[in-house]
Amino acid sequence: LLAAVVPRRIIPALIAWMDAGFARSHNGVAQRCPRACIAFLRIADATAAAETTLAVPNFSVRSAMASGTTTLGREGRGHDGSGLSDAEAALFAAHEQVDALLSNAVHVEKVKTIGDTVMIAGPFGASHTGCDDDERVPADATAAAACEILAFLRAFLDAAAGSNEMTPAGVAAGIHVGEVHGAVLGASRLCFDVFGDAVNVASRVMAAAARSPYAVAASEEFHAVLGADDLKSAVFEFSAPVEVTAKGKGALPIRYLS
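Conventions used here
Along every chain, residues carry numbers that run from 1 in the direction the sequence is written. Side-chain atom pairs in this predicted model are given and counted only at pLDDT of 80 or more, local residue features only at pLDDT of at least 70, and totals for whole chains, interfaces and linings cover all residues. Where side-chain values are given, they derive from all heavy atoms of the structure, hydrogens and water being excluded. Helix and strand definitions here come from DSSP, where helices need a minimum of 4 consecutive H or I residues and strands a minimum of 2 consecutive E residues; each element is numbered from the N-terminal end. Between buried and exposed lies partly exposed: a residue is buried under 20% and exposed over 50% of the maximum accessible area for its type, with that area taken using a 1.4 Å probe on protein chains only. We call Phe, Tyr and Trp rings a pair once their centres come within 6.5 Å, taking the six-membered ring for Trp, and we label the pair stacked below 30 degrees between planes, edge-to-face above 60, and tilted otherwise. Residues are said to line a cavity or pocket when one of their atoms sits within 4 Å of a point; the points come from a 1 Å grid over protein atoms alone, cavities being sets where a 1.4 Å probe fits but cannot get out and pockets being open sets with protein on both sides within 12 Å along at least five of seven lines. Grid points are joined across faces, edges and corners, and a volume is the space filled by probe spheres set on the points. Three residue categories are used. Nonpolar comprises Ala, Val, Leu, Ile, Met, Phe, Trp, Tyr, Cys and Pro, charged comprises Asp, Glu, Lys and Arg, and polar comprises the others, including Gly. Any two strands are treated as partners once DSSP identifies two or more bridges connecting them. Disulfides are defined in this document as cysteine sulfur pairs within 2.5 Å.

1. Here's the deal with the environment of F192
Then, in step 1: Relative to the elements of secondary structure, F192 occurs in strand β7 (residues 192-195).
Then, in step 2: The class for F192 is buried, based on a relative accessible area of 4%.
Then, in step 3: When the C-alpha atoms of F192 and K112 are compared, they prove to be 8.1 Å apart, with 80 residues separating the residues in sequence.

Take a look at the structure:
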């Protein structure tokens, strides 16, 4: 049960904390990561005024919001007696697709979902227990995490574009590198969360991508992590840096990926 809601590496510390009655001091389930890659992937634009397409391989959902009608194209999905609407079934399948693509990831993991948006981050090192504030993730591990995120996003977009029944409209992703803190917060509805200013920046970069013709954007900090060989073999081509206005951040230099 715990493995379904928190990373396996923090389970021993989490059990010890639970056995201690959720004592206020629980450093064993917290970690500081100075160089983590953070990506936000929005599966679809749920706020679209007319139609929404969930970019999931092999099916699409187009919601005519004005009329409240929904159509779905996928065998075995939709109103199958499960009690889920077509749109709900599509959202479940979308997250299943994300999990499948991340199942073999080594350096990054899914942190959480927020409706139709997924947060991915890493590397977090070998352990989340008793992490020294001075510990540093090696630069090559951060670069490896960056490449892994790019490969994941490329696979998701390619699968969406390769479907005969849908288009990847509404998909947007933003990537950043910076310091984050990870912890199990609170003592009820336990889950591992990652937070910090770098998380906010990644979210703003995703918003910039959503306003552009490109599906993916990255911060200059993320681009700087990638070495020359990484850029040569990258599954995306980076644009020249451009400045966008980001909420709460002012001018933010980013690069679009195509």
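After presenting the structure, the write-up continues.
2. Let's talk about the environment of R42
Then, in step 1: Along the chain, the position of R42 falls in strand β1 (residues 30-42).
Then, in step 2: Judged by relative accessible area, which is 16%, R42 ranks as buried.
Then, in step 3: Through-space distance from the C-alpha of R42 to that of S203 is 10.0 Å; in sequence the pair is 161 residues apart.

3. Looking at the packing of aromatic side chains
Then, in step 1: One pass over the structure, following the stated rule, counts two aromatic pairs.
Then, in step 2: Arranged with centres 6.1 Å apart and planes meeting at 85°, the rings of F124 and F192 form a pair that is edge-to-face. Remark: F192 occurs in strand β7 and F124 occurs in the loop between β5 (117-122) and α3 (139-161); sequence separation between them is 68 residues.
Then, in step 3: Using a relative accessible area of 3% as the deciding quantity, one classes F124 as buried.

4. Brief notes about the layout of surface pockets
Then, in step 1: In this model, the largest pocket occupies a volume close to 360 Å³.
Then, in step 2: Considering the residues around the largest pocket, the lining is formed by 15 residues, among which A3, A4, V6, E109 and K110 are closest to the centre.
Then, in step 3: Only α2 (86-102) and β4 (109-114) provide two or more residues apiece to the lining of the largest pocket.
Then, in step 4: Here the lining of the largest pocket gets four residues from one element, more than from any other, and that element is β4.
Then, in step 5: Here the lining of the largest pocket is built from residues that sort into eight nonpolar, one polar and six charged.

5. Considerations on the pairing of strand β9 (residues 242-246)
Then, in step 1: Where β9 lies against strand β10 (residues 250-257), five bridges are found, and the strand directions are antiparallel. The residue bridging V242 from the neighbouring strand is I254, located in β10.
Then, in step 2: Between β9 and the antiparallel strand that follows it, β10, lie three residues; G248 among them carries a positive phi value of about 75°.

6. Description of the state of the cysteines
Then, in step 1: Applying the stated criterion across every chain yields a total of zero disulfides.
Then, in step 2: Unpaired in this structure, C37 has its nearest cysteine sulfur neighbour in C147, at a distance of 8.8 Å.
Then, in step 3: Judged by relative accessible area, C37 falls into the buried class, the value being 0%.
Then, in step 4: What makes C147 partly exposed here is its relative accessible area of 30%.

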